[in-house]
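Fold and geometry: a report
Residue strings, one per chain:
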Amino acid sequence: NKKEASDMGVYLDHYAILGLPTGKEGAKLTVEEIRKAYKTMAMLLHPDKNRYDSEATAKFQRLQSSYDIHILMNDKTRQLFDEQLCRHFDAKRRKMNSDFARYKEEEAKAEAEARARAEAKAREEARARAEAKAREELRARAEAKAREEARLATKTREEVIIAANALLTAVAKAKEAAIAKSHSSKVSLYLQLEILLRTLNLSHKYLQAPLPCIKSQSEFLFWYHPT
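What you see is a predicted model, and the numbers here were worked out from it, not measured in a lab.

Basis of the calculations
Residues numbered from 1 in each chain as written. Predicted model: local features only at pLDDT ≥ 70, side-chain atom pairs only at ≥ 80, totals over all residues. Heavy atoms only, no water. Core = buried A, V, L, I, M, F, W, Y, C linked by side-chain atoms within 4.5 Å. Buried < 20%, exposed > 50% of the residue type's maximum accessible area, 1.4 Å probe, protein only. Helix = DSSP H or I, 4+ residues; strand = E, 2+ residues; numbered from the N terminus. Contact = heavy atoms within 4.5 Å. Salt bridge = Lys/Arg side-chain N within 4 Å of Asp/Glu carboxyl O. Expected span 1.5 Å × (residues − 1). Arc of directions from axis to C-beta. pLDDT = per-residue confidence, 0-100.

Here's the deal with the nonpolar core
Among the nonpolar cores identified, the biggest contains 18 residues, and Tyr-15, Leu-18, Leu-20, Ile-34, Leu-63 and Leu-72 are the most heavily contacted of them. Sorting the residues of this core by element identifies helix H2 (14-17), helix H4 (31-45), helix H5 (56-68) and helix H6 (75-180) as the ones contributing at least two each. In terms of residue count, H4 provides more of this core than any other element does, five residues in total. What Leu-18 contacts, discounting residues up to four positions off in sequence, is Ile-34, Ala-37, Tyr-38, Met-41, Leu-63, Tyr-67 and Leu-72.

Take a look at the structure:
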């Protein structure tokens, strides 16, 4: 138990204090090697040789304590100490492994969260780009449609003007023929058609209201003033 381990000094690594290998390597050392190591460390750590080290006395006393309790000099106590030290190192190693595993787990979790955030950001950016592209395509289609409508409207006006000119020529000829034959009703009709066609030709747009009924050449001259 912990009390026995403390009594045996297991929480103090006497091998390390004596400057010796610890663990399984320390268990293989002979008593003579331990005694020799103590003498060497005693000479190095003696306070008289370390007057400027404020901890020299404490270090030397710890060295003496590790040697004087004879844990390492007695086969039975040394075997017990080695076993307890081994268990202590195993527990420490397991804790280190557990801490490392927990650290790796937390690191992996953090990386997964960061990756998830990056993927979510990438999806959001892709969605924003897709929406912007869709808006641009919609705008382009609207502009293309407007251009096509304008082109068709221009083409329609041009076609109407061409047709009006052709019809105007025909109406003018028919009017002259009607005048020559004194067909007043036909002359009136041709005058109205001529005014309509000339108006179309001059304004380049459709009339919004019908022209007044013109029954004579004087009325025609009143309503139509060529420029």
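There's plenty left to go through after this.
Side note on the pattern of salt bridges
Across all of its chains, the model carries 11 salt bridges by this definition. Arg-93 is the salt-bridge partner of Asp-90, the closest N and O atoms lying 2.6 Å from each other. You can see Asp-90 and its partner Arg-93 sitting in helix H6, three residues apart, about one turn around the helix. Residue classification places Asp-90 among the partly exposed positions, given a relative accessible area of 26%. Lys-95 is the partner of Asp-99 in a salt bridge, and the nearest nitrogen-oxygen pair spans 2.9 Å. Of this pair, Asp-99 and Lys-95 both sit in helix H6, separated by four residues, roughly a single helical turn. The partly exposed category is assigned to Asp-99, whose relative accessible area is 27%. On the accessibility criterion, Lys-95 (53% relative accessible area) is exposed.

Things to note about H4
In a regular helix each residue adds 1.5 Å, so 15 residues correspond to 21 Å; H4 covers 21 Å between its end C-alpha atoms and thus fits that length. Taken as a whole, H4 has its buried residues at Ile-34, Ala-37, Tyr-38, Met-41 and Ala-42. Summarising the axial view, the buried residues of H4 lie within an arc of 135 degrees, below the 170-degree limit, and thus occupy one face. Of the exposed residues in H4, those oriented more than 90 degrees away from the buried face are Glu-32, Lys-36, Lys-39, Met-43 and Leu-44.

Brief notes about the confidence of the model for the protein chain
Averaged over all residues, the pLDDT of the protein chain equals 76, while 71% of them reach at least 70. The lowest-confidence element of the protein chain is helix H1 (residues 2-7), averaging 39 in pLDDT; the highest-confidence one is H4, averaging 89. Low pLDDT, under 50, characterises residues 204-227; the stretch is placed with 34 contacts to residues that sit more than four places away or in other chains.

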